[in-house]
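Structure assessment
Okay, here's what each chain looks like letter by letter:
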Amino acid sequence: MSVTAFVVVVIVSFVVMEPITAATHRWVMHGVGEWFHRSHHRPGRKPRWERNDWFPVFFAAIVLVGLWLGFNRDGLAALVPIAIGVTSYGACYALVHDGYIHRRIDPFGQRRTAYLDHVADAHRIHHLYNGAPYGMLVQVVTAELRERAARTDRDPFAEIQNSPALPNPAEV
């Protein structure tokens, strides 16, 4: 595979992950895997590890199998750039979702950007109603849903951050 083809496959794999992520979030995390994902939507201070964190571990295991096959099996070399694209998307997802939105990790400090604020607002709407939007990096929220969310004073992120369910790790 040429370098150009390799790079194109990485980029296409990254881009294709957004609708795959939205579908997985909708039909797996809010479907058959809801028991795991529910820990992410439950109000209360979050522990460092929640059941929902098993999803990225499982997804990473699939990518590792793909990398192993791509490096070790004839005819499957295209799995390597696919795995790189998927891993790159996963890293961006973790930084945006766990870093910028939920502040479980803090690579951004106090910096704010309009794009990430838009993504965070869409994710807040997802937490308000436990429904759409399901994507992450390209959030599609109808005007009607944005208007409905704007009329509520409820902040699901404040409920998570300010709940006394667990002690504040900074105070322990």
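Bear in mind that the values here come from a model prediction, so they are computed numbers and not experimental data.

We now examine the overall build of the protein chain. When helices and strands are tallied, the protein chain shows seven helices and zero strands. Mapped in sequence order, the helices and strands of the protein chain form the string α-α-α-α-α-α-α. Within the protein chain, the fraction of its 172 residues that count as buried is 35%. Taking the contacts inside the protein chain whose residues are at least 6 apart along the sequence as the reference set, 55% of them involve residues at least 24 apart.

Turning next to helix H1 (residues 3-32). Roughly 35° is the biggest bend found in H1, and it falls at histidine 25. Within the span of H1, buried status applies to Val10, Ser13, Met17, Glu18, Thr21, His25, Met29 and His30.

Within the structure shown, the criterion is met by four aromatic pairs. Counting every residue linked through ring pairs, the aromatic cluster contains Phe14, Tyr89 and Tyr93.

Looking now at the packing of H1 against helix H4 (residues 79-101). H4 packs onto H1 with a crossing angle of 50° between their chain directions and a minimal axis gap of 7 Å. Taken together, the axes of H1 and H4 are oblique relative to one another. In terms of crossing hand, the pair formed by H1 and H4 is right-handed. Across from Phe6, Val9, Val10, Ser13, Phe14, Met17, Glu18 and Thr21 in H1, the residues of H4 making contact are Val80, Pro81, Ile82, Ile84, Gly85, Val86, Ser88, Tyr89, Cys92 and Tyr93. Grouping the constituent residues of the contact of H1 with H4 by class yields 13 nonpolar, four polar and one charged.

Together, Val3, Val7, Ile11 and Val15 line one region of the surface with nonpolar side chains, adding up to about 370 Å² of accessible area. Examined against the element boundaries, valine 15 turns out to sit in helix H1. The class of valine 15 is exposed, set by a relative accessible area of 53%.

As a further point, take the nonpolar core. Formed by Met17, Tyr89, Tyr93, Val96, Tyr100, Ile101, Phe108, Leu116, Val119, Ala120, Met136 and Leu137, the largest nonpolar core amounts to 12 residues. Put simply, the parts of the chain that give this core at least two residues each are H4 and helix H5 (114-129). Sorting elements by how many residues they give to this core places H4 first, with five residues.

Before going further, it helps to examine the packing of helix H3 (residues 54-72) against H4. Helix packing geometry: the angle between the two helix axes and the distance between the axes. Viewed as axis vectors pointing N to C, H3 and H4 meet at an angle of 155°, and their least axial separation amounts to 8 Å. By the angle class used here, H3 and H4 are roughly antiparallel. Classified by chirality, the crossing of H4 by H3 is left-handed. Judged by residue contacts, Val63, Gly66, Leu67, Leu69, Gly70 and Phe71 of H3 engage Leu79, Val80, Ala83, Val86 and Thr87 from H4. Per-class residue counts for the contact of H3 with H4 are eight nonpolar, three polar and no charged.

Its location among the elements puts histidine 102 in the loop between H4 and H5. Between the C-alpha atoms of histidine 102 and histidine 123, which are 21 residues apart in sequence, the distance is 9.7 Å.

In a regular helix each residue adds 1.5 Å, so 19 residues correspond to 27 Å; H3 covers 27 Å between its end C-alpha atoms and thus fits that length. Listed in full, the buried residues belonging to H3 are Phe55, Val63, Gly66 and Gly70. For H3, the arc enclosing every buried residue in end-on projection is 60°, short of the 170-degree limit, so these residues lie on one face. Turned more than 90 degrees from where H3 packs its buried face, Phe58, Leu64 and Phe71 sit exposed.

The rules behind the values
Residues numbered from 1 in each chain as written. Predicted model: local features only at pLDDT ≥ 70, side-chain atom pairs only at ≥ 80, totals over all residues. Heavy atoms only, no water. Helix = DSSP H or I, 4+ residues; strand = E, 2+ residues; numbered from the N terminus. Buried < 20%, exposed > 50% of the residue type's maximum accessible area, 1.4 Å probe, protein only. Contact = heavy atoms within 4.5 Å. Bend = angle between axes of the 7 residues up to and from the residue. Phe/Tyr/Trp six-rings, centres within 6.5 Å; stacked < 30°, edge-to-face > 60°. Axes fitted to C-alpha atoms, helices over the stretch in contact; angles between N-to-C directions. Parallel < 35°, antiparallel > 145°, perpendicular 65-115°, else oblique. Left-handed = near helix turned anticlockwise from the far one by under 90°. Nonpolar A, V, L, I, M, F, W, Y, C, P; charged D, E, K, R; others polar. Patch = residues over 30% accessible without salt bridge, like charges linked within 9 Å, V, L, I, M, F, W, Y side chains within 5 Å. Areas by Shrake-Rupley, 256 points an atom, 1.4 Å probe, with all protein chains shown as cover. Salt bridge = Lys/Arg side-chain N within 4 Å of Asp/Glu carboxyl O. Core = buried A, V, L, I, M, F, W, Y, C linked by side-chain atoms within 4.5 Å. Expected span 1.5 Å × (residues − 1). Arc of directions from axis to C-beta.

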